[in-house]
Amino acid sequence: MKRIALLKERQAGPAGAASTATGSHCPVSGLWSPDHDPHTVLSFFEGHVFPAFDGVPTVWRRRSPGQAY
């Protein structure tokens, strides 16, 4: 079982800097986009396990609400 990041570990830098792969736990609640489709933006809560996107494992990148894609 994977652990949820501790408070010190999840203090994220600027949006877009954080990324994690399918099957990992979301380190911080917010908006995330799959690496190969930056125009798709989904909301995940801390601790949620990142799913595959379109049936393919992917890297998820954190986005900010006003960020241009």
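This is a predicted model, so every value here is computed, not measured.

What counts, and at which threshold
Residues numbered from 1 in each chain as written. Predicted model: local features only at pLDDT ≥ 70, side-chain atom pairs only at ≥ 80, totals over all residues. Heavy atoms only, no water. Helix = DSSP H or I, 4+ residues; strand = E, 2+ residues; numbered from the N terminus. Buried < 20%, exposed > 50% of the residue type's maximum accessible area, 1.4 Å probe, protein only. Contact = heavy atoms within 4.5 Å. Salt bridge = Lys/Arg side-chain N within 4 Å of Asp/Glu carboxyl O. Pairing = 2+ DSSP bridges. Phe/Tyr/Trp six-rings, centres within 6.5 Å; stacked < 30°, edge-to-face > 60°. Core = buried A, V, L, I, M, F, W, Y, C linked by side-chain atoms within 4.5 Å.

### Structural notes on the overall build of the chain
Broken down by element type, the chain carries 0 helices and 4 strands. Listing every helix and strand of the chain by position from the N terminus yields β-β-β-β. Burial statistics for the chain: of 69 residues in total, 23% are counted as buried. Pairs at least 24 residues apart make up 53% of the contacts formed inside the chain by residues separated by at least 6 positions.

### Concerning the pattern of salt bridges
Under the counting rule described, the total for this entry stands at 1 salt bridge. The salt bridge involving aspartate 35 is made with arginine 61; its shortest N-O contact spans 2.7 Å. One end of the pair, aspartate 35, is in the loop between strand S2 (30–34) and strand S3 (42–44); the other, arginine 61, is in strand S4 (residues 59–63), with 26 residues separating them in the sequence. Arginine 61 gets classed as partly exposed once you look at its relative accessible area, which sits at 27%.

### Some remarks on the pairing of S2
Here S2 pairs with S3 via 3 bridges, running antiparallel. Each bridged residue has a counterpart across the sheet, and for leucine 31 the counterpart in S3 is serine 43. Pairing of S2 with S4 involves 4 bridges; the strand directions are antiparallel. The residue of S4 that forms the bridge with serine 33 is arginine 61.

### Quick word on the packing of aromatic side chains
To describe a pair of aromatic rings, one takes the distance between the centres and the angle between the planes. The final tally for this structure, using the stated rule, is 5 aromatic pairs. Both rings, one in phenylalanine 53 and one in tryptophan 60, keep their centres 6.1 Å apart while their planes meet at 90°; by these two values the pair is edge-to-face. Since its relative accessible area comes to 0%, tryptophan 60 is described here as buried.

### Regarding unusual backbone geometry
In this model, aspartate 54 sits at a positive phi of 55°, which is unusual for a non-glycine residue. For aspartate 54, the location among the structural elements is in the loop between S3 and S4. The exposure class of aspartate 54 is exposed, given its relative accessible area of 67%.

### Let's talk about the nonpolar core
Nonpolar side chains tend toward joint burial in soluble globular proteins. By size, the foremost hydrophobic cluster in this structure holds 8 residues: Ala18, Cys26, Val28, Trp32, Phe44, Phe50, Phe53 and Trp60. Not counting residues within four places of it along the chain, the set of residues in contact with phenylalanine 50 comprises Thr20, Ala21, Thr22, Gly23, Ser24, His25, Cys26, Pro27, Trp32, Phe44 and Trp60.

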